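Structure at a glance
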Amino acid sequence: MSRIHVMVNGIPGNMAVNVAGHILADDRFALVPFSLTGPEIREAEYHLEAISIRLLQPEIRDGEIEKMVQTESAFISVDYTHPSAVNANAEFYCRHRLPFIMGTTGGDRDQLEKTVQSSAVAAVIAPNMAKQIVGFQAMMEYAAENFPGLFEGYALKIKESHQKGKADTSGTAKAMVRYFNQMGLDFNEDQIAKERDPEIQANRWKIPQNFLTGHGWHTYALTSADHTVRFEFTHNVNGRDVYARGTLDAVRYLQARVDDGAAGIVFSMIDVLQNRS
């Protein structure tokens, strides 16, 4: 079976580097030695193991990608850049007819989907690439759709902790707010408690020191009006490997859909889990 060629964008960011490392270690994939990067990155190359990856700043990316489309094998783009770049990058991928995985959170998500739907490419867009967490979200979505008002009258607290460099509020936490709203809770995204201070994370949250630079800890606590009933859902992830493994599954899924002729379609990680075409 031929390898799937993948360009990972966002290098030298931690998540992008992690995904690129997983691709290099997996003989089902071939890493394209280029990466879209931000205007603040002035280095021309990033060295990962024995591979030299050329970093493409915004002012040169259009011309370089045009050359790649003409000379390289067809490839899937994986985006782990910055929330501020989400919509512009999606427009870039669609303009150049590059199917893509959007693992970056933030941006205008409605516009993101519309961009793909009005284009000739297909994409997997998800606020979280960890399959187990996506499965948990699916269970909560099922409850929201089938048991509306289930927690009416309850109070909700959501807290999430991520590494200092994560700029935005967790997309997973935002999705959970929508499900809890459907289940009767009055809560909005602005009420999510977001922690990014390593000292507080280590001392109060007890997050292991070696994972302060890469983790995702979430807790959703619900308390009844009379304080006699309490529910708490927690998922704590240390490191980034679980997201990278899910990303590679998404790449395989999207490649199969592209091979089937998919265009103008937005797929989710639920589609990936269920292998829906």
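These remarks concern the structure in this document. Remember, it's a predicted structure, so these values are computed and weren't measured experimentally. (Residues numbered from 1 in each chain as written. Predicted model: local features only at pLDDT ≥ 70, side-chain atom pairs only at ≥ 80, totals over all residues. Heavy atoms only, no water.)

Details of the sheet that holds strand β11 (residues 215-223)
The line we're drawing: In this description, strands pair whenever DSSP reports at least two bridges between them. Secondary structure elements are defined from DSSP: runs of H or I of at least 4 residues count as helices, runs of E of at least 2 residues count as strands, and each element is numbered from the N terminus. Every angle, taken between N-to-C directions, lies between 0 and 180 degrees, and every axis is a line fitted to C-alpha atoms, over only the stretch in contact when it is a helix. Residue contacts are defined here by distance: any two heavy atoms, one from each residue, within 4.5 Å place the two residues in contact.
Read across the sheet, 4 strands follow the order β10-β9-β11-β12 without closing on themselves; strand pairing throughout is mixed. Each having just a single partner strand, β10 (193-195) and β12 (230-238) make up the two edges of the open sheet. Adjacent strand axes in the sheet meet at a mean angle of 10°, parallel and antiparallel pairs treated alike. Here strand β9 (residues 155-162) pairs with β11 via 8 bridges, running antiparallel. Residue pairing in the sheet places Leu156 in a bridge with Leu222 of β11. Sheet strands touched by helix α5 (residues 131-146): β11 and β12. Its angle to β12, the strand with the most contacts, is close to 160°. Across the sheet, helix α6 (residues 171-182) lies against β9, β11 and β12, angled at about 20° from β11, the strand it touches most.

Quick notes on the environment of Leu56
Convention followed: Using a 1.4 Å probe on the protein chains alone, a residue whose accessible area is under 20% of its type maximum counts as buried, one over 50% counts as exposed, and one in between counts as partly exposed.
By secondary structure assignment, the location of Leu56 is in strand β5 (residues 51-56). Classification of Leu56 by relative accessible area gives buried; the value is 0%. Residues Leu56 and Ala90, spaced 34 residues apart in sequence, show a C-alpha to C-alpha distance of 16 Å. Among all residues touching Leu56, those that are not within four sequence positions of it are Phe34, Ser35, Leu36, Thr37, Arg61, Glu64, Ile65 and Met68.

Thoughts on the side chain of Asn18
Along the chain, Asn18 falls in helix α1 (residues 14-24). In this view, Asn18 contacts Arg240, Asp241 and Ala244; residues no more than four positions away in its chain are not counted.

Concerning helix α4 (residues 109-117)
Let me state the cut-off plainly: Here, the arc refers to the directions that run from the helix axis to the C-beta atoms. Definition of a polar contact: a pair of N or O atoms within 3.5 Å, with one able to donate and the other able to accept a hydrogen when the atoms are protein atoms, and with sequence-neighbouring residues admitted only if both atoms are side-chain atoms.
Inspection of α4 places Leu112, Thr115 and Val116 among the buried residues, and these make up the whole buried set. Along the axis of α4, the buried residues cluster in a sector spanning 95°; they form a single face. With respect to the buried face of α4, the exposed residues turned more than 90 degrees away are Asp110 and Lys114. Its buried side turned inward, α4 meets α3 (86-95), β7 (100-102), β8 (123-125) and β13 (266-267). By the N-cap criterion, in which a side-chain oxygen at the helix start approaches the backbone nitrogen of a residue two or three places on, α4 is capped by Asp108, the distance to Asp110 being 3.2 Å.

A look at the pattern of salt bridges
Applied cut-off: Any carboxyl oxygen of Asp or Glu that lies within 4 Å of a side-chain nitrogen of Lys or Arg is treated as forming a salt bridge with it.
Overall, the coordinates contain 10 salt bridges when judged by the stated rule. Between Arg95 and Asp62 there is a salt bridge; the shortest N-O distance is 3.1 Å. With Arg95 in helix α3 and Asp62 in helix α2 (residues 58-71), this pair connects stretches of sequence that are 33 residues apart. Of the residues examined, Asp62 reaches a relative accessible area of 32% and is grouped as partly exposed. Overlapping salt bridges, with partners in common, bring together Arg54, Glu64 and Lys67 in one network.

What about the pairing of strand β4 (residues 45-48)?
With 4 bridges joining them, β4 and β5 adopt antiparallel strand pairing. Directly across from Tyr46, in β5, lies its bridge partner Ile53. In this structure, the hairpin formed by β4 and β5 is closed by a connection of 2 residues, where Glu49 is found at a positive phi of approximately 55°.

None of this, on its own, says anything about what the molecule does.
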